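Commentary on secondary and tertiary structure
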Amino acid sequence: MRSTAEIEAAKIERQDARVVALAVKADRKGTDAEAVWNRHMHDVARLPEGGEPIKVGHHSESRHRNALTRVDNSARRGIEAAGEANRAAERAAAATHTTGARYNPVTVANRIEKIGADIRRLERRSGGDAYDPETGYRPATDAEKQARSERLTPALDELRDKLAYWEAVRAEQIATGQADNHSRATIKKGDRVRIRGQWREVVRVNASGGRVPRPCRRPVSRHFGVRVSCV
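Residues numbered from 1 in each chain as written. Predicted model: local features only at pLDDT ≥ 70, side-chain atom pairs only at ≥ 80, totals over all residues. Heavy atoms only, no water.

What follows covers the pattern of salt bridges. Two side chains carrying opposite charge are able to pair once their charged atoms lie near each other. Applying the stated rule across the entire model yields 11 salt bridges. A salt bridge links Glu-84 to Lys-29, with the nearest nitrogen and oxygen atoms 3.2 Å apart. Of this pair, Glu-84 sits in helix H2 (residues 61–95) while Lys-29 sits in helix H1 (residues 4–45), and the two are 55 residues apart along the sequence. (Salt bridge = Lys/Arg side-chain N within 4 Å of Asp/Glu carboxyl O. Helix = DSSP H or I, 4+ residues; strand = E, 2+ residues; numbered from the N terminus.)

Let us now look at the nonpolar core. Residues Ile-115, Ile-119, Trp-166 and Val-169 are the most contacted members of the largest nonpolar core, which totals 13 residues. Listing elements by their share of this core, those giving two or more residues are helix H4 (105–126) and helix H5 (142–175). Broken down by element, the residue count for this core peaks at 7 residues, all from H5. If you look at the next biggest cluster of nonpolar residues, it comprises 6 residues, including Val-19, Leu-22, Ala-26 and Ala-92. (Core = buried A, V, L, I, M, F, W, Y, C linked by side-chain atoms within 4.5 Å. Buried < 20%, exposed > 50% of the residue type's maximum accessible area, 1.4 Å probe, protein only.)

Looking at the secondary structure, you find Gln-173 in helix H5. Overall, Gln-173 belongs to the buried group, its relative accessible area being 4%. In contact with Gln-173, not counting residues within four places along its chain, are Tyr-103, Asn-104, Pro-105, Val-108, Gln-178 and Ala-179. (Contact = heavy atoms within 4.5 Å.)

What follows is the structure in C-alpha coordinates.
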(Lines give C-alpha, C1' and ligand atoms only; values in the text may rest on other atoms or scores of the structure.)
Protein backbone atom coordinates (compact mmCIF):
# COMPACT_ATOMS: atom_id res chain seq x y z
CA MET A 1 0.00 0.00 0.00
CA ARG A 2 1.36 3.40 -0.94
CA SER A 3 1.39 6.03 1.75
CA THR A 4 -1.07 8.91 1.59
CA ALA A 5 1.85 11.32 1.15
CA GLU A 6 2.99 9.43 -1.97
CA ILE A 7 -0.56 9.28 -3.35
CA GLU A 8 -1.14 12.99 -2.80
CA ALA A 9 2.22 13.91 -4.32
CA ALA A 10 1.37 11.86 -7.40
CA LYS A 11 -2.06 13.53 -7.65
CA ILE A 12 -0.51 16.99 -7.44
CA GLU A 13 2.06 16.07 -10.10
CA ARG A 14 -0.64 14.73 -12.43
CA GLN A 15 -2.77 17.80 -11.84
CA ASP A 16 0.15 20.12 -12.58
CA ALA A 17 0.76 18.24 -15.84
CA ARG A 18 -2.96 18.50 -16.66
CA VAL A 19 -2.91 22.24 -16.03
CA VAL A 20 0.01 22.67 -18.43
CA ALA A 21 -1.63 20.48 -21.09
CA LEU A 22 -4.93 22.35 -20.85
CA ALA A 23 -3.16 25.70 -21.01
CA VAL A 24 -1.33 24.62 -24.17
CA LYS A 25 -4.59 23.37 -25.66
CA ALA A 26 -6.34 26.64 -24.80
CA ASP A 27 -3.57 28.63 -26.49
CA ARG A 28 -3.78 26.43 -29.57
CA LYS A 29 -7.56 26.74 -29.75
CA GLY A 30 -7.28 30.48 -29.34
CA THR A 31 -4.77 30.71 -32.18
CA ASP A 32 -6.95 28.51 -34.39
CA ALA A 33 -10.01 30.65 -33.65
CA GLU A 34 -8.13 33.82 -34.53
CA ALA A 35 -6.96 32.30 -37.81
CA VAL A 36 -10.49 31.17 -38.72
CA TRP A 37 -11.91 34.60 -37.93
CA ASN A 38 -9.21 36.31 -39.97
CA ARG A 39 -10.20 34.04 -42.87
CA HIS A 40 -13.80 35.15 -42.41
CA MET A 41 -12.82 38.82 -42.53
CA HIS A 42 -10.82 38.11 -45.69
CA ASP A 43 -13.94 36.58 -47.25
CA VAL A 44 -15.98 39.62 -46.18
CA ALA A 45 -13.43 41.94 -47.80
CA ARG A 46 -13.89 40.14 -51.13
CA LEU A 47 -17.61 40.94 -51.29
CA PRO A 48 -18.71 43.77 -53.61
CA GLU A 49 -18.30 47.11 -51.89
CA GLY A 50 -21.23 48.98 -50.42
CA GLY A 51 -23.42 45.89 -49.92
CA GLU A 52 -24.22 45.65 -53.62
CA PRO A 53 -27.16 43.28 -54.19
CA ILE A 54 -26.97 40.19 -56.36
CA LYS A 55 -27.60 40.99 -60.03
CA VAL A 56 -29.93 38.19 -61.03
CA GLY A 57 -29.19 36.97 -64.54
CA HIS A 58 -25.89 38.85 -64.69
CA HIS A 59 -22.67 36.92 -65.34
CA SER A 60 -21.54 37.94 -61.83
CA GLU A 61 -24.53 36.29 -60.10
CA SER A 62 -22.87 32.93 -59.52
CA ARG A 63 -19.62 34.47 -58.28
CA HIS A 64 -21.54 36.79 -55.95
CA ARG A 65 -23.62 33.95 -54.48
CA ASN A 66 -20.52 31.82 -53.94
CA ALA A 67 -18.81 34.70 -52.14
CA LEU A 68 -21.79 35.10 -49.81
CA THR A 69 -21.78 31.35 -49.12
CA ARG A 70 -18.08 31.49 -48.24
CA VAL A 71 -18.73 34.39 -45.86
CA ASP A 72 -21.57 32.52 -44.18
CA ASN A 73 -19.56 29.30 -43.84
CA SER A 74 -16.45 31.02 -42.52
CA ALA A 75 -18.58 32.97 -40.01
CA ARG A 76 -20.06 29.72 -38.69
CA ARG A 77 -16.62 28.15 -38.45
CA GLY A 78 -15.37 31.24 -36.65
CA ILE A 79 -18.18 31.10 -34.11
CA GLU A 80 -17.60 27.40 -33.48
CA ALA A 81 -13.85 27.92 -33.15
CA ALA A 82 -14.37 30.80 -30.71
CA GLY A 83 -16.69 28.62 -28.64
CA GLU A 84 -14.13 25.82 -28.51
CA ALA A 85 -11.42 28.31 -27.53
CA ASN A 86 -13.59 29.72 -24.73
CA ARG A 87 -14.40 26.25 -23.38
CA ALA A 88 -10.74 25.27 -23.47
CA ALA A 89 -9.78 28.46 -21.62
CA GLU A 90 -12.46 27.81 -18.98
CA ARG A 91 -11.25 24.25 -18.42
CA ALA A 92 -7.67 25.46 -18.13
CA ALA A 93 -8.68 28.12 -15.62
CA ALA A 94 -10.73 25.64 -13.57
CA ALA A 95 -7.88 23.12 -13.51
CA THR A 96 -5.56 25.65 -11.86
CA HIS A 97 -7.85 25.70 -8.80
CA THR A 98 -8.32 21.94 -8.36
CA THR A 99 -5.39 21.31 -6.03
CA GLY A 100 -6.13 24.48 -4.06
CA ALA A 101 -9.74 23.40 -3.61
CA ARG A 102 -8.63 19.96 -2.40
CA TYR A 103 -6.41 21.60 0.22
CA ASN A 104 -8.90 24.28 1.21
CA PRO A 105 -8.89 24.51 5.04
CA VAL A 106 -12.63 23.82 5.24
CA THR A 107 -12.30 20.82 2.93
CA VAL A 108 -9.36 19.49 4.93
CA ALA A 109 -11.30 19.81 8.18
CA ASN A 110 -14.26 17.99 6.62
CA ARG A 111 -11.98 15.22 5.39
CA ILE A 112 -10.37 14.76 8.79
CA GLU A 113 -13.77 14.44 10.44
CA LYS A 114 -14.98 11.91 7.86
CA ILE A 115 -11.83 9.79 8.10
CA GLY A 116 -12.06 9.82 11.88
CA ALA A 117 -15.70 8.67 11.68
CA ASP A 118 -14.72 5.87 9.27
CA ILE A 119 -11.99 4.70 11.65
CA ARG A 120 -14.37 4.62 14.60
CA ARG A 121 -16.93 2.73 12.54
CA LEU A 122 -14.43 -0.01 11.60
CA GLU A 123 -13.15 -0.20 15.14
CA ARG A 124 -16.68 -0.79 16.36
CA ARG A 125 -17.12 -3.49 13.77
CA SER A 126 -13.97 -5.23 14.94
CA GLY A 127 -15.41 -5.84 18.39
CA GLY A 128 -19.10 -5.81 17.53
CA ASP A 129 -21.70 -8.54 17.69
CA ALA A 130 -21.91 -11.38 15.19
CA TYR A 131 -25.01 -12.07 13.14
CA ASP A 132 -26.61 -15.49 12.92
CA PRO A 133 -29.34 -15.89 10.26
CA GLU A 134 -31.35 -18.12 12.60
CA THR A 135 -30.93 -16.40 15.96
CA GLY A 136 -30.05 -12.85 14.91
CA TYR A 137 -27.30 -10.83 16.56
CA ARG A 138 -25.25 -12.39 19.35
CA PRO A 139 -21.98 -11.60 21.14
CA ALA A 140 -19.03 -12.50 18.91
CA THR A 141 -16.56 -15.10 20.07
CA ASP A 142 -12.90 -14.24 20.54
CA ALA A 143 -12.05 -16.18 17.38
CA GLU A 144 -14.63 -14.24 15.37
CA LYS A 145 -13.37 -10.94 16.73
CA GLN A 146 -9.79 -11.91 15.87
CA ALA A 147 -10.73 -12.95 12.34
CA ARG A 148 -12.72 -9.76 11.83
CA SER A 149 -9.89 -7.64 13.20
CA GLU A 150 -7.38 -9.26 10.83
CA ARG A 151 -9.73 -8.67 7.91
CA LEU A 152 -10.26 -5.00 8.79
CA THR A 153 -6.66 -4.19 9.75
CA PRO A 154 -5.50 -3.22 6.22
CA ALA A 155 -8.42 -0.80 5.81
CA LEU A 156 -7.81 0.66 9.27
CA ASP A 157 -4.09 1.08 8.59
CA GLU A 158 -4.88 2.93 5.38
CA LEU A 159 -7.39 5.20 7.10
CA ARG A 160 -5.01 5.95 9.97
CA ASP A 161 -2.28 6.85 7.48
CA LYS A 162 -4.70 9.20 5.72
CA LEU A 163 -5.72 10.74 9.03
CA ALA A 164 -2.10 11.34 10.04
CA TYR A 165 -1.37 13.00 6.68
CA TRP A 166 -4.36 15.33 6.71
CA GLU A 167 -3.92 16.19 10.36
CA ALA A 168 -0.36 17.25 9.51
CA VAL A 169 -1.72 19.38 6.67
CA ARG A 170 -4.26 20.91 9.05
CA ALA A 171 -1.57 21.62 11.67
CA GLU A 172 0.54 23.40 9.07
CA GLN A 173 -2.46 25.46 7.92
CA ILE A 174 -3.09 26.51 11.51
CA ALA A 175 0.57 27.32 12.07
CA THR A 176 0.70 29.49 8.93
CA GLY A 177 -2.60 31.24 9.66
CA GLN A 178 -4.53 29.66 6.78
CA ALA A 179 -6.98 28.05 9.22
CA ASP A 180 -8.34 28.88 12.65
CA ASN A 181 -8.15 26.47 15.55
CA HIS A 182 -11.19 27.44 17.57
CA SER A 183 -12.73 25.31 20.30
CA ARG A 184 -15.19 25.66 23.14
CA ALA A 185 -12.40 27.52 24.94
CA THR A 186 -12.42 30.31 22.34
CA ILE A 187 -16.07 30.42 21.24
CA LYS A 188 -18.79 30.93 23.84
CA LYS A 189 -22.55 31.34 23.86
CA GLY A 190 -23.37 34.94 23.01
CA ASP A 191 -20.29 35.49 20.83
CA ARG A 192 -20.74 36.69 17.29
CA VAL A 193 -19.09 34.77 14.45
CA ARG A 194 -18.77 35.70 10.81
CA ILE A 195 -20.05 33.02 8.44
CA ARG A 196 -19.93 33.58 4.70
CA GLY A 197 -19.98 37.33 5.14
CA GLN A 198 -22.77 37.41 7.74
CA TRP A 199 -22.42 37.91 11.49
CA ARG A 200 -24.32 35.39 13.63
CA GLU A 201 -24.86 35.12 17.37
CA VAL A 202 -23.82 31.81 18.91
CA VAL A 203 -26.51 30.13 21.01
CA ARG A 204 -24.86 26.75 21.58
CA VAL A 205 -21.36 25.25 21.22
CA ASN A 206 -20.80 21.50 20.96
CA ALA A 207 -17.45 19.75 21.25
CA SER A 208 -18.40 17.33 18.49
CA GLY A 209 -21.41 15.80 16.84
CA GLY A 210 -24.90 17.15 17.22
CA ARG A 211 -27.19 18.72 14.69
CA VAL A 212 -26.47 22.33 13.84
CA PRO A 213 -29.61 24.04 12.54
CA ARG A 214 -29.79 26.36 9.58
CA PRO A 215 -28.80 28.94 8.52
CA CYS A 216 -25.34 28.13 9.82
CA ARG A 217 -25.43 24.35 10.09
CA ARG A 218 -23.24 23.53 7.13
CA PRO A 219 -20.36 26.05 7.29
CA VAL A 220 -19.90 26.75 10.97
CA SER A 221 -18.50 23.51 12.32
CA ARG A 222 -15.83 23.47 9.64
CA HIS A 223 -14.86 27.14 9.68
CA PHE A 224 -14.37 27.29 13.42
CA GLY A 225 -13.24 23.75 14.17
CA VAL A 226 -16.18 23.27 16.53
CA ARG A 227 -19.91 22.84 15.99
CA VAL A 228 -21.98 25.83 16.99
CA SER A 229 -25.64 26.72 16.69
CA CYS A 230 -26.43 30.33 15.96
CA VAL A 231 -29.17 32.74 15.00
